[in-house]
Amino acid sequence: MLNLVLFGPPGAGKGTQAEYLIEAYSLLHLSTGDLLRSEIAAGAKLGLEAKKYMEKGELVPDEVVIGMIKGRLEANQDANGFIFDGFPRTVAQAEALDKLLNENETPISAMLSLEVEKQELINRLLKRGESSGRPDDQNQEVIENRINVYNEKTAPLVDYYASFNKHYGVDGMGSIEEIAGRLKQVVDTL
Ligand code: AMP
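Conventions used here
- Residues numbered from 1 in each chain as written.
- Predicted model: local features only at pLDDT ≥ 70, side-chain atom pairs only at ≥ 80, totals over all residues.
- Heavy atoms only, no water.
- Phe/Tyr/Trp six-rings, centres within 6.5 Å; stacked < 30°, edge-to-face > 60°.
- Buried < 20%, exposed > 50% of the residue type's maximum accessible area, 1.4 Å probe, protein only.
- Core = buried A, V, L, I, M, F, W, Y, C linked by side-chain atoms within 4.5 Å.
- Contact = heavy atoms within 4.5 Å.
- Near = heavy atom within 4 Å.
- Polar contact = N/O pair within 3.5 Å; in protein donor to acceptor, adjacent residues only side chain to side chain.
- Helix = DSSP H or I, 4+ residues; strand = E, 2+ residues; numbered from the N terminus.
- Nonpolar A, V, L, I, M, F, W, Y, C, P; charged D, E, K, R; others polar.

Engineer: What is the right way to read the packing of aromatic side chains from this model?
Structural biologist: The relative placement of two aromatic rings is captured by the distance of their centres and the angle of their planes. Using the criterion set out here, one finds 4 aromatic pairs in the structure. Each ring, one from Phe 82 and one from Phe 84, has its centre 5.9 Å from the other, and the planes form 35°; the classification is tilted. Taken individually, Phe 82 and Phe 84 each receive the classification buried, so the pair is uniform in this respect. Ring geometry for Tyr 160 against Tyr 161: centres 5.2 Å apart, planes inclined by 85°, an arrangement best described as edge-to-face.

Here it is, written out as structure tokens:
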């Protein structure tokens, strides 16, 4: 079983690259951002609660996203493997994920960390905001906050996965195809 954490700051291209990896390795895509946006679209209570954090660029509480991931893992026990996109985002989430996966003896195979310069992230997010309709991509202040939250709470996960020899840094600058090629090169060595 191949379980990949696709990692990187907001705008690093995780969603775009996840599409390539899903296809290449027949994996199931679990994006907590997408799951939360579906809850909002459905008008669900969880979505309404999460929206308050998302529109400010803050993290939704750990127990909410961990609960969502737990449900998806349980519902898809026959999957070939998973791509975790936008999750984990805190050390507590990473520990909870390890615990859930260890129960099934299907640990994380690798954390693929897309590395992109800050100005390029802001440019990509503002561009995405023109077409995605995502309010959190349309406001420079919210974008800056998301990057700050990433640096403060999420970036430490590089050390977390590195301590298990599972961290792979990948250059996230260049064309979509170039970056997909780099990711594939790493996954093929696993
Ligand atoms: P994303 O689509 O991954 O950029 O996520 C959009 C927003 O959803 C984030 O800015 C957070 O407010 C929230 N979110 C998504 N995934 C998580 C997570 N793993 N932990 C906490 N909040 C999350």
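Engineer: Quick question: what am I supposed to make of the nonpolar core here?
Structural biologist: Grouped together as the largest cluster of nonpolar side chains are 28 residues, with contacts concentrated most on Leu 73, Phe 84, Leu 97 and Tyr 161. Dropping the residues within four chain positions of it, Tyr 161 is found in contact with Val 5, Pro 88, Ala 94, Leu 97, Ile 108, Met 111, Lys 166 and His 167. Counting residues in each nonpolar core, the second largest holds 23 residues, with Leu 6, Ile 147, Ile 179 and Val 186 among its members.

Engineer: What exactly am I supposed to notice about the site of the ligand here?
Structural biologist: Around the ligand sit 16 residues in total, of which Thr 32, Arg 37, Glu 58, Gly 86 and Gln 93 are the nearest. At a separation of 3.0 Å, a nitrogen atom of the ligand approaches a polar backbone atom of Val 60. Within the backbone of Gly 86, one N or O atom sits 2.9 Å away from a nitrogen atom of the ligand. Among the elements that line the shell around the ligand, the one with the most residues is helix H2 (residues 32-41), at 4 residues. Among the residues forming the shell around the ligand, the class breakdown is 6 nonpolar, 4 polar and 6 charged.

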